[in-house]
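Structural features, examined
What follows is each chain in one-letter form.
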Amino acid sequence: MRKETLIPIGPYHPLLEEPEFFKFYVEGEKIVDAEVRIGYNHRGIEKLAESKTYDQDPFLVERICGICSTSHPFAFVRAAEDVAGIQIPERAEYIRTIIGDLERIHSHLLWVGLAGHFIGYNTVFMWAWKYREPVLDIFEAISGNRNHYGMFKVGGVRRDIKDSDIPALLKAIDEVEKFCSMLTKAVMDDPVIQARLKGIGILKKQDAIDLSVVGPVARASGVAIDVRKDHPYAAYDRIDWNIIVTESGDIFDKAAVRLLETLESVKIIRQCLKQMPKGPIDADIREVGVGEGIGQHEAPRGEVFHYIRANGTNFPERHKIRAPSFMNVPSFKKTVIGESIADAALITAAVDPCYCCTERMAVVEPGTEKVLLTGEELVKLSQQKTEGLKKR
Amino acid sequence: MNILEQIRNRFVDKIGIMEKSAKRVYIAVEKEEARELVCYLFRDLGARFSIATGVDTRPGIEILYHMAFDANDLMLTVRVLVRKPELEMPTFSDFMPAAEWIEREIHEMFGVKFIGHPNLQTLLLPDDWPEGVYPLRKGTFESEKENEEREN
Amino acid sequence: MLKKIFTWGLKKSLWVYHAGASACNNCDIEILDLLTPKFDVERFGIVLVGSPRHADVLLVTGVANRQTAPRLKNLYDQVPNPKVVIAIGSCACSAHMFRDSYNYVKPIDEIIPVDIYLPGCPPKPEAMIDAVVKLLGKIK
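Model, not experiment: these values are computed from the prediction.

1. Focus on the overall build of chain C
The helix and strand tally for chain C stands at six helices and five strands. The secondary structure elements of chain C, listed N-terminal to C-terminal, are α-β-α-β-β-α-β-α-α-β-α. Considering only C-alpha atoms, chain C reaches an extent of 45 × 35 × 25 Å along its principal axes. When burial is assessed residue by residue, chain C has 46% of its 140 residues classed as buried. In chain C, of all internal contacts separated by at least 6 residues, the share reaching a separation of at least 24 is 82%.

2. As for the nonpolar core
Within the largest apolar cluster, 193 residues are counted, with the highest numbers of intra-cluster contacts made by Ala80(A), Val112(A), Val78(B), Leu58(C), Val60(C) and Ile88(C). No other element matches the 14 residues that helix 4 (residues 90-118) of chain A contributes to this core. Those residues in contact with Ala80(A) that sit more than four places away from it in its chain are Tyr54(A), Val154(A), Val288(A), Gly293(A) and Ile308(A).

3. Overview of the packing of helix 6 (residues 166-189) of chain A against helix 11 (residues 251-275) of chain A
Residues and elements named next belong to chain A. Orientation of helix 6 relative to helix 11, taken along the N-to-C sense of each, is 165 degrees, at an axis distance of 10 Å. The orientation of helix 6 relative to helix 11 falls into the category roughly antiparallel. Relative to helix 11, helix 6 is oriented so that their crossing is left-handed. Contacts from Ile166, Leu169, Leu170, Ile173, Val176, Glu177, Cys180, Ser181, Leu183, Thr184, Val187 and Met188 in helix 6 reach Ala255, Ala256, Leu259, Leu260, Thr262, Leu263, Val266, Ile269, Arg270 and Leu273 in helix 11.

4. What to know about helix 4 of chain A
Residues and elements named next belong to chain A. The end-to-end C-alpha distance of helix 4 is 42 Å, a good match for the 42 Å that 29 residues give at a rise of 1.5 Å each. Burial analysis of helix 4 places 28 of its 29 residues in the buried class, the great majority of the element. Just beyond helix 4, the residue with positive phi is Gly120, at close to 90 degrees.

5. Some points on the packing of helix 5 (residues 122-143) of chain A against helix 6 of chain A
Residues and elements named next belong to chain A. Between helix 5 and helix 6, the shortest axis-to-axis distance is 10 Å and the interhelical angle comes to 160 degrees. The angle between the axes of helix 5 and helix 6 places the two elements in the roughly antiparallel class. Of the two elements, helix 5 crosses helix 6, and the hand of that crossing is left-handed. On helix 6, the residues touching Val124, Trp127, Ala128, Tyr131, Pro134, Val135, Asp137, Ile138 and Ala141 of helix 5 are Leu169, Ala172, Glu175, Val176, Phe179, Leu183 and Val187. Broken down by class, the residue content of the contact of helix 5 with helix 6 amounts to 14 nonpolar, no polar and two charged.

6. Things to note about helix 5 of chain A
Across its 22 residues, helix 5 of chain A extends 31 Å between first and last C-alpha, which sits within 8% of the 32 Å expected from 1.5 Å per residue. Backbone geometry just downstream of helix 5 of chain A places Gly144(A) in the positive-phi region, at approximately 95 degrees.

7. Section: the pairing of strand 3 (residues 48-56) of chain B
A large share of strand 3 of chain B lies buried, amounting to eight of its nine residues. The turn linking strand 3 of chain B back onto strand 4 (residues 60-69) of chain B is made up of three residues.

8. Here's the deal with the sheet that holds strand 5 (residues 74-83) of chain B
Residue and element names in this part refer to chain B. One open sheet holds the five strands; their spatial order is 1-2-5-4-3, and the pairing between them is mixed. Among the strands making up the open sheet, the edge pair consists of strand 1 (15-19) and strand 3. Shown here is a sheet whose adjacent strand axes are inclined to one another by a mean of 20 degrees, direction ignored. Of the pairings in the sheet, the one linking strand 3 to strand 4 comprises eight bridges and is antiparallel in character. The partner of Phe49 across the bridge, within strand 4, is Met67. Sitting on the sheet, helix 1 (residues 3-11) is in contact with strand 1, strand 2 (24-29), strand 4 and strand 5, with an inclination near 160 degrees to strand 1.

9. Concerning the environment of Ala235(A)
Residue and element names in this part refer to chain A. Here Ala235 lies in the loop between helix 10 (227-230) and helix 11. It is 22 Å that separates the C-alpha atoms of Ala235 and Leu136, two residues lying 99 residues apart in sequence. Contacts of Ala235, omitting those with residues within four sequence positions, involve Glu93, Tyr94, Thr97 and Cys272.

10. Some details on the environment of Ile142(A)
Along the chain, the position of Ile142(A) falls in helix 5. Separated by 192 residues in sequence, Ile142(A) and Lys334(A) have C-alpha atoms that sit 41 Å apart.

11. Observations concerning the pairing of strand 7 (residues 302-311) of chain A
Residue and element names in this part refer to chain A. Extensive coverage of strand 7 is indicated by the burial of nine of its ten residues. Bridge analysis of strand 6 (residues 290-299) against strand 7 gives ten bridges, and the strand direction is antiparallel. The partner of Ile294 across the bridge, within strand 7, is Tyr307. The turn linking strand 6 back onto strand 7 is made up of two residues. Across six bridges, the pairing between strand 7 and strand 8 (residues 316-322) is antiparallel. By the bridge assignment for strand 8, Arg309 is matched with Arg318. Counted between consecutive antiparallel strands, the loop separating strand 7 from strand 8 contains four residues, among which Gly312 sits at a positive phi close to 95 degrees.

12. As for the sheet that holds strand 7 of chain A
All names here are of chain A. Read from one edge of the open sheet, three strands run 6-7-8, paired in antiparallel fashion. The open sheet has two edge strands, strand 6 and strand 8, and neither has a second partner. Strand-to-strand twist across the sheet, computed as the mean angle between neighbouring axes with direction ignored, equals 10 degrees. Along the sheet, helix 3 (residues 71-84) makes contact with strand 6, strand 7 and strand 8, crossing strand 6 at roughly 150 degrees.

Analysis parameters
- Every chain is numbered independently, its residues counted from 1 as its sequence is written.
- Each chain takes a letter, starting from A, and each ligand takes a number, starting from 1, following the order in which they are written.
- Since the coordinates come from a predicted model, pLDDT governs what is reported: local features require at least 70, and pairs of side-chain atoms require 80 or more to be given and counted, while whole-chain, interface and lining totals use all residues.
- To qualify as a helix, a DSSP run of H or I must reach at least 4 residues; to qualify as a strand, a run of E must reach at least 2; elements of each kind are numbered from the N terminus.
- For every residue, the other C-beta atoms within 10 Å of its own C-beta are counted; 20 or more classify it as buried, 12 or fewer as exposed, and values in between as partly exposed. C-beta atoms are placed from the backbone.
- Working definition of a contact: two residues with C-beta atoms, positioned from the backbone, lying within 7 Å.
- Nonpolar cores are built from buried Ala, Val, Leu, Ile, Met, Phe, Trp, Tyr and Cys residues. These are joined into a set through C-beta atoms within 7 Å.
- Fitted lines through C-alpha atoms serve as axes, helices being fitted only where they are in contact, and the angles separating the N-to-C directions of these axes extend from 0 to 180 degrees.
- The labels follow the angle: roughly parallel below 35 degrees, roughly antiparallel above 145, roughly perpendicular from 65 to 115, and oblique for the rest.
- With the far helix as reference, a near helix turned anticlockwise by less than a right angle produces a left-handed crossing, and one turned clockwise produces a right-handed crossing.
- Every helix has an expected span of 1.5 Å times one less than the residues it contains.
- For this scheme, ten residues count as nonpolar: Ala, Val, Leu, Ile, Met, Phe, Trp, Tyr, Cys and Pro. Four count as charged, namely Asp, Glu, Lys and Arg, and the remainder, Gly too, count as polar.
- Strand pairing follows a simple DSSP-based rule, namely that at least 2 bridges must link the two strands.

Structure representation (structure tokens):
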């Protein structure tokens, strides 16, 4: 007889494009096996996209995920432009870059805040989210909405950044940089956070390659891939910035990669605002044509991939969407087995599957399995462990 | 030696290479050779498996394996046709663990059977989804809607 | 008399449980945003709780798909009376652009009774606070 105990988590923590239902099998405190069931957020967007025009689709794919809501339109319009084989105006490229990297800042801050909440540092949670607000204000100034910006269209962008706004935006960016660097130092120098996160949930480099993980998860394991550098697009090759790569692959490194990336993003945005040339923002494309196209974009969580097959009509014949979490989530099996149950919530969260509020990890699966711990209790366990470390 | 030459030298006339642009290359290959080719790309040439796409076409389901060569700024797509009505394809998940989830997805969306796959349970669709209904095949829902309209 | 005590208690501090029914998680983040320093609704005793059994208010976001619809009903039944349901975002109010999806079942308000509709994609946090204020005015 197997002496394992089953601990289900979810499915109700659906703050991600792929909400998950985790099952952990534990022996004592140690996790021996894990399974995941997704599909709670499946809305059939790939099929829906076939019934909408190229002009409507950016709005549809924007609503795949609220946190990285530029990533999908970005990849989609690049795929459509790849089919048509056109170049977009330079100013539009710069505006796209600015939007793409503003989003990276707000998304990474969001993750840091939630990770802080998971380990019982609610100060980090409140701080990170407080400093995320100015970024949303910048978004509101540029696009008119805090989220779901609706900036992208095939052939360019929908709204221009007024030259008269640029000084104010630069000032706002300076503020953001100040907060980000303070937060980065505060988190990375904290001995308790170091003790809590180092050496936990390690994803080895070879596993990262085998599972083809992308984004910060790959870079934290020493795989130096970044679509912005490897497959240059938009204005990323005209700007000076660095890829952040660390070697160990544990949770501390994943946090470090994300925090340091916010500072790189600040650099990118500042240069873009300064270098942006004048000119049109839209190539005014009449039709996409026939053929196939691939669009990639480095979202905060990694490479977003869109494939379009066009048949000459105004609707795509096939539209394939792959979000970064689709590649990153399977890696949890490698990272979580052998760890203690107190770290489970943190490790599954470390790949940043857009997990958000821990409250929503409570179990609502009716009566099928005996519930031993809810997500909330798991977080509590995790927080208690931090408390214990503090006392030492 | 560049990647395309290496592939050409090894597979000679078994493959058809179509260069759409310097960054986008499509390779058409028969089902029997696909496994060897993808394995060569992933294991020997160090490609990153980006994702696979299924497309419903008249003779069968086309599967596109998108392999990214990050160091060379190249997106290489391997095109395989899985003919109807058998719709069987060997799994690649044994040498390429990254393919496990997408093969499950293609299985439930298009009904392609991946021979040798460890776990072909539903991934995205609800538990009570009717068997034999494949949402991403052409005509699955169009015909349903037409039927409803006819009845009303 | 007892009812009066219940409503008095309900008005003073609303405990909310948030159920995302296949949302894009933008509304969900804006809800969380309400708790953080800029808006900070915890000042008014509004707390996000971890279990539906502790909640007075059920916040629903997103369109109900085949997988989440039965679970949503289940969640609603677990919330003790008296209870209020707020549908947040265009998806929860009208299914938005996902109406034609094969995985979409029926509108949220046909699964559970909805008291307040709050459209927007996503609604701004200020709008959410306004909805709560209107809700407090409604409870008698």
